[in-house]
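Fold and contact review
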Amino acid sequence: MGLAKRVIPCLDVTAGRVVKGVNFVSLRDAGDPVEIAARYDDQGADELTFLDITASSDDRDIILHVIEAVASRVFIPLTVGGGVRKVEDVRRLLNAGADKVSINTAAVQNPALVSEASGKVGNQCIVVAIDAKRGAQGWEVYTHGGRNATGLDAIDWARRMEAAGAGEILLTSMDRDGTRDGFDIGLTRAVSDAVGIPVVASGGVGTLEHLAQGVLEGGADAVLAASIFHFGEHTVRAAKRYMHSRGIEVRL
Amino acid sequence: MDIAVVDYGMGNLRSVSKALEHVAPHASVCVTDRPADVLAAGRVVVPGQGAMPDCMRELHARGLAEAVVEASRSKPFLGICIGLQMLFECSEEGNVAGLGVLSGTVRRFPSGRLDASGARLKVPHMGWNEVQQAGSHPLWAGIAQASRFYFVHSYYADAEAVASGRCTYGLPFTAAIARDNIFAVQFHPEKSQAAGLQLLRNFVSWHP
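These remarks concern the structure in this document.

Reading the values: rules and limits
- Residues numbered from 1 in each chain as written.
- Chains lettered and ligands numbered in written order.
- Predicted model: local features only at pLDDT ≥ 70, side-chain atom pairs only at ≥ 80, totals over all residues.
- Heavy atoms only, no water.
- Contact = heavy atoms within 4.5 Å.
- Buried area = accessible area lost by both parts, 1.4 Å probe.
- Salt bridge = Lys/Arg side-chain N within 4 Å of Asp/Glu carboxyl O.
- Polar contact = N/O pair within 3.5 Å; in protein donor to acceptor, adjacent residues only side chain to side chain.
- Helix = DSSP H or I, 4+ residues; strand = E, 2+ residues; numbered from the N terminus.
- Disulfide = S-S within 2.5 Å.
- Buried < 20%, exposed > 50% of the residue type's maximum accessible area, 1.4 Å probe, protein only.

1. Considering the interface of chain B and chain A
The interface is formed by 30 residues belonging to chain B together with 43 residues belonging to chain A. Summing both partners gives a buried area of about 2,900 Å² for chain B against chain A, and 50% of it is carried by carbon and sulfur. Area buried by chain B at its contact with chain A is led by K122(B), M126(B) and W128(B), which between them contribute 24% of it. D221(A) is the salt-bridge partner of K122(B), the closest N and O atoms lying 3.3 Å from each other. There are 17 residue pairs in polar contact (both at pLDDT 80 or more) connecting chain B and chain A. Mapped by element, the contributors of at least two residues to the side of chain B that touches chain A are α1 (14–23), β8 (125–130), β10 (148–153) and α6 (193–204) of chain B. If you tally residues by element for the side of chain B that touches chain A, the top one is β8(B), at six residues.

Pasting the structure below:
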C-alpha cells in the first residue's frame, strides 16, 4: 500500500457564489461555497479546487473571503485558480488559506512568474494549469479559457513548466471538457509520462469508469471532475469505492 | 497564551491556527514571530512549508531559532513538515544547517524511481499516504493504525531511533517523530481531515 490516487471536485466561483448549477438535494443554499465544500469533505474528497471565474477585476478580492471561510471549516487541501497574474496574487491566496495556487494564462504570457512564485513560496504550492486541444500533430496549449491558441506544444510546455518550478500540472482537454465522453487518455498519458511531478487529469468525466481510466490508462496522479458530483449523480465516496473496485489505491 | 504558532514568514499559517482553534475552541491560539511569546506559551507549534534554506534564514533573522530550540527542550512541541525537518542537523536542500535538536540529515527523494507496478514515483510526494504507527503514543490516541494523512514534500528524514510513525514512498521514511516533549510530523495534520484533527486534539491536551 502506498500513496492514494486523489479525487478532486472542482467548483467554479464567481462573485462569491458557486455557479454551473450545483444541484444537491438537501442543501440549504446551493450556491454557498462553504456549504458545498463541507459536503464534499463529508463525502471523502481528497482535495478541492476552486476556479475563480469572476470577470470584473473589482470583484477579485471576493475569492479571498471565500477561501478564508472554507479554510476555517474544511481541513483538506484547497487549490485556487483563475486570474492569478502576479506573485502578490499567489501570496494573498495562500495567506487566505489556499494550499496551492493554479496559474494558467499568466504562465504563458510570463513564464518567469512561475519560477518567481515557486522560488518564493515553494514548488509544492504552484500548480500550472494547461488547457490543451488536439491538433494536426500532438496537442496545442490554449489560454484565456480556451479561446486563444498559443502555438505551444502541450507536452513541451509541461516539461518547461516543471523545469520552471511547477509542483503539479492540472491538465484539461479542451476537446473533452463538457462532453462527458471521458478524459483524453492519449494527452493524459503523454504528459504524465513526460514530467516527474504529479499530473491532475481534467475535462470530460461523465462516468465513474472515466475516473478509473484517467488513472489506469492515463497514468494520472489525481482526477478532477465537476458535473458528475455537482448534480448528485455520484458522490465522491461512490467514485472512490468504484475506483477501489478497479484496483486503484484510494483513501476510503 | 496557551498555544504559540511560530510565524517566521513562510507559507500558510492560517490553516494551522484555524485547525487548532477548531479542535481547542477555548484555548488561546496565537500566531507569533516574537521569541518572548514562544518562550511564554504553554505549547508551541512550528509549522513550515517552502524551502528549508529560506525557512532557516527567516527563523534566524527574527531571532526565533533559540526560542524554538528552548521550546523543544521544555514544553509540548509539535513540528509540522519543515518544522520536523529543521529539528535535524542539516538538510540536503541547499545544504543548510538545521537546529540540531536531533541527529541526522534530511535527504531528497531520488527522482525517476518506479513503484512496484512500474509507475514513475512523482516528486513532490503529494497526497494521502498510510502512516504505520510505531508503538503507542498519546498523540496517536483515537487514530486507527495505517490511517492516511496528507503529505506534500520533496525531502524526508530517516530517523529510526526516534520514529513514532513510518511511511513508504519508493523508500521507507520517518513520518512522525517522538522524543520526550517533542512530537513532529512530516505530513500536514491541519490538512488531513478527521485523522489530522484528532492528532491536533491530542496535542492540545498532551502532558508529556
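2. Some thoughts on the environment of R201(B)
Residue and element names in this part refer to chain B. Relative to the elements of secondary structure, R201 occurs in helix α6. As a C-alpha pair, R201 and Y156 span 45 residues in sequence and 25 Å in three-dimensional space. Reaching out from R201, the side chain makes a polar contact with the side chain of Q198 at a distance of 2.9 Å.

3. Brief notes about the state of the cysteines
Across all of its chains, the model carries zero disulfides over all chains by this definition. Its sulfur unpaired, C10(A) is 19 Å from the next cysteine sulfur, which belongs to C125(A). The thiol of C81(B) is unpaired, and the distance to the nearest cysteine sulfur, on C55(B), comes to 8.5 Å. Under the relative-accessibility criterion, C81(B) is labelled buried at 3%.

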